[in-house]
Amino acid sequence: MVIAKKYLQRQSRIIKYALAGLGLLISACPSTEAQQIDISGIHVKGHPRLLTDENTGRETLNALIKKEDWAGRIFKQIQTDADAYVARYQTDSTWMVSRLQMYWKQHYTDVFIKNGIYAYATGHAPVPTVRFTGTRDVATQYMRPKLEDIKPYMDEDGKLYLQNGTVPGKPWEWVEQSKTGRIIESINIEIIEKARNAAMLYWFTGDEKYAAFAYSVMNTYITGMGYRVEPVDLNHGHDQTLVGLSAFEVIHEDVLEPLTAGYDFLFPYIQKHHPEKLPVFAATFKRWADIIIKNGVPFNNWDLIEAKFVADIAIVLENDSQYADKQGCQYYLDQILNKTYTRQWSLTTLLKGYDPETAIWGECPGYSENVIADFTGFANLFDRTLHTDLVKQIPVLPKAVLAYAQYLYPNGYIVGFGDTHYGKLRTDAISDLIRNARMNNKAGQEAIYSRMLKTINALGQKDGPGTATRQAGFNALFGTPPITLSDTVKQGATGDYLTAAFWSPNVSWMVQRNGLDIKKGLMISQAGSSGNHMHANGIAMELYGRVLYLPPKEGLAEVISRLIMPNTIPSFRHIILLWLMVFHHILS
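Going along each chain's sequence as written, the residues are numbered from 1 onward. Two thresholds apply to this predicted model, a pLDDT of at least 70 for residue-level local features and 80 or more for giving and counting side-chain atom pairs, whereas whole-chain, interface and lining totals are computed over all residues. Side-chain numbers here rest on the full set of heavy atoms in the structure, without hydrogens or water.

Draft legend 1. Layout of helix 3 (residues 69–91). Its 23 residues give helix 3 an end-to-end C-alpha distance of 34 Å, which sits within 8% of 33 Å, the value for a rise of 1.5 Å per residue. All buried positions along helix 3 are accounted for by Trp70, Ala71, Gly72, Ile74, Phe75, Ile78, Ala82, Tyr85 and Val86. Residue contacts are defined here by distance: any two heavy atoms, one from each residue, within 4.5 Å place the two residues in contact. Secondary structure follows DSSP: runs of H or I at least 4 residues long count as helices, runs of E at least 2 residues long count as strands, and numbering of each begins at the N terminus. Check the buried side of helix 3 and you find it contacts helix 2 (57–67), helix 4 (183–205), helix 5 (208–226) and helix 15 (474–478). Expected span of a helix, by definition, is 1.5 Å for each gap between consecutive residues, and there is one gap fewer than residues. Exposure classes here rest on a 1.4 Å probe applied to the protein chains alone. A residue is buried below 20% of its type maximum, exposed above 50%, and partly exposed in between.

Draft legend 2. A look at the sheet that holds strand 7 (residues 172–176). Pairing within the open sheet is antiparallel, and its 3 strands lie in the order 5-6-7. Two strands in the sheet have a free side with no partner beyond their single neighbour: strand 5 (142–143) and strand 7. At least two DSSP bridges between two strands are needed for those strands to be called paired. Of the strand pairs in this sheet, strand 6 (residues 159–164) and strand 7 are connected by 5 bridges, and their pairing is antiparallel. Across the sheet, Gln163 pairs through a bridge with Trp172, a residue of strand 7.

Draft legend 3. A look at the packing of aromatic side chains. Each aromatic pair joins two rings of Phe, Tyr and Trp (for Trp, the six-membered one) with centres within 6.5 Å, and gets the label stacked for planes under 30 degrees apart, edge-to-face for over 60, and tilted for any other angle. Tallying each qualifying case throughout the model produces 30 aromatic pairs. An angle of 65 degrees between the planes, with centres 5.3 Å apart, marks the rings of Tyr263 and Phe285 as edge-to-face. Placement of Tyr263 in helix 6 (residues 256–273) and of Phe285 in helix 7 (residues 278–294) is noted, with a sequence separation of 22 residues between them. Of the two residues examined, Tyr263 and Phe285, each falls in the buried class. Consider the rings of Tyr331 and Tyr332, whose centres lie 4.8 Å apart with planes at 90 degrees: the pair is edge-to-face.

Draft legend 4. Geometry of the sheet that holds strand 2 (residues 110–114). Across the sheet, 3 strands lie side by side as 3-2-8; this open sheet has mixed pairing. Lying at the two open borders of the sheet, with one neighbouring strand each, are strand 3 (117–122) and strand 8 (232–233).

Draft legend 5. The pattern of salt bridges, seen in detail. Salt bridges are defined as contacts in which a side-chain nitrogen from Lys or Arg sits within 4 Å of a carboxyl oxygen from Asp or Glu. For the structure on display, the rule yields 20 salt bridges. Close ionic contact of Lys194 with Asp81 constitutes a salt bridge, the shortest N to O distance being 3.1 Å. With Lys194 in helix 4 and Asp81 in helix 3, this pair connects stretches of sequence that are 113 residues apart. Residue Lys194 is classed as buried on the basis of its relative accessible area, which comes to 16%. Take Asp81: its relative accessible area is 24%, and that puts it in the partly exposed class. The salt bridge partner of Lys159 is Glu176, with a shortest N-O separation of 3.9 Å.

Draft legend 6. Highlighting the confidence of the model for the protein. As a per-residue quantity, pLDDT reports the predictor's confidence and falls between 0 and 100. In the predicted model, the protein carries a mean pLDDT of 88, and 85% of its residues have values of at least 70. Note on residues 1–34: pLDDT under 50 across the span, and 43 contacts to partners over four residues away in sequence or across chains. Contacts for the low-pLDDT stretch residues 554–572, under 50 throughout, to residues beyond four places or in other chains number 15 contacts.

Draft legend 7. View of the environment of Val138. In this fold, Val138 is placed in the loop between strand 4 (129–130) and strand 5. Residue Val138 is classed as exposed on the basis of its relative accessible area, which comes to 57%. As a C-alpha pair, Val138 and Arg182 span 44 residues in sequence and 5.2 Å in three-dimensional space. When residues no more than four places from it in sequence are discounted, the contact partners of Val138 are Gly181 and Arg182.

Draft legend 8. Just the nonpolar core, in detail. For the purposes of this section, nonpolar cores are sets of buried Ala, Val, Leu, Ile, Met, Phe, Trp, Tyr and Cys residues that join through side-chain atoms within 4.5 Å. Counting residues in hydrophobic clusters, the biggest one holds 155 residues, and the most contacted among them are Met200, Leu266, Trp288, Phe375, Met452 and Trp509. The dominant element in this core, judged by the number of residues it contributes, is helix 4, at 14 residues. Ignoring sequence-local partners within four residues, the contact set of Trp288 consists of Tyr221, Met225, Leu245, Ser246, Glu253, Val255, Leu256, Leu259 and Ile313.

Dropping the structure here:
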């Protein structure tokens, strides 16, 4: 026990010294238990503000379209697509809106689910309400129709008219809602995206023909959702703790992304022509946020996904002072940043999922690299929209971004313990800290992470050193800008980020490396079952040598070892394989 304790202390010193050597102060972070993220300086005004800036956004987008061919092509495609729908709207104002999946006839308000499947709905609203999705699972034998093939006002005895993909000829059939997977969600999201695109064009061009079309869709959807209440699980089980207004899981309230953005672009039009709807829309968004906060999973990546949806809602709401209940932008930001509830932890509480010494997240690598990207993405969101530097208030983030390079094999792939697939390390968290540094004039931070990104890229990542990455579609026009690294910052050494030995107790994970050369380096990764999305899988050992890694699963190497040593226990077979790799390395 004493030896183990000393070993732990030694590994904590190793990673601390390794990171300190980069020039970043990473002394022990203060406890997040009492930490509060200060939002007192946040005061919102003007629309849009979620994806772009009210004052400078048009000039920025116009410059991007003129400078970059890809941006010009994307914008032209969006406008061509929108023009066709707007022209149709001017001759048939119901064509698009009638294809929304709503309770057109019954106006149901109360949805009931059972075993992850839609059961039935009751209640009656004065307007059509938004239809709930069919199942928690996306799988279904029925095909999702194109918009032009959807029956207008499709609500025949609660059924949907769809093609059966498992029958020859793929005949159209009236189908029970409970057998349609997530087709309802998919259709509604596509239509809301069309409305968002038109709302953006209204903002960019000032032409109200785009706004009229967008408003017809968004008003129908948001007003209808305003009468819906939280679905009820007839089993009174776990599903009740996960469910959202439009989906079986609050982490799949995906329609909120285009809905909040579209509302933000459309706000001046609504304020001018339909001001009476603003409090209706705000009430819907706020109740939606309340349900997301109430349900979900608090201690892992779910929490961050839920928080992002709530943040989108918060940013398009007005200041607290403009609502009678004093629950607006600042209130909902505070809910996700500083308040902890049963199924939604504050970001300050969630940050305790990082080991205070190693800065490794308490889940397997496949989830951990997504979590750190979500955290740094949050920081970028606050930088861009609220002009608030979250990184300065969350000192564990810079440390965690440096530490997650420890997941790497010498060939640039990550270790695969727990629910992890082998692949390249996500580097967007590194890019995010470079963006944060540039927006907040932190030259030292920019140099540290530019050096890290060039070093990681040199291990065979998707992007070469100094190159820019580009998104696709609508988000490319408003997403985080591509990163071009400074020529003055040089690539570092792999050993600056990958240490010879590493141990993180929160995921019971140990690494030992013998050299970092892609071909000649050897490495062992050993994990237990501590942490989330972790599986001991017996020995849970991964071995690396000669650009090959041997996982603890029934791969080719395991099959060969069983043929050579059929009666040996798994741990002994792995040891034999390790020595075979060592001898091969020596003989080479």
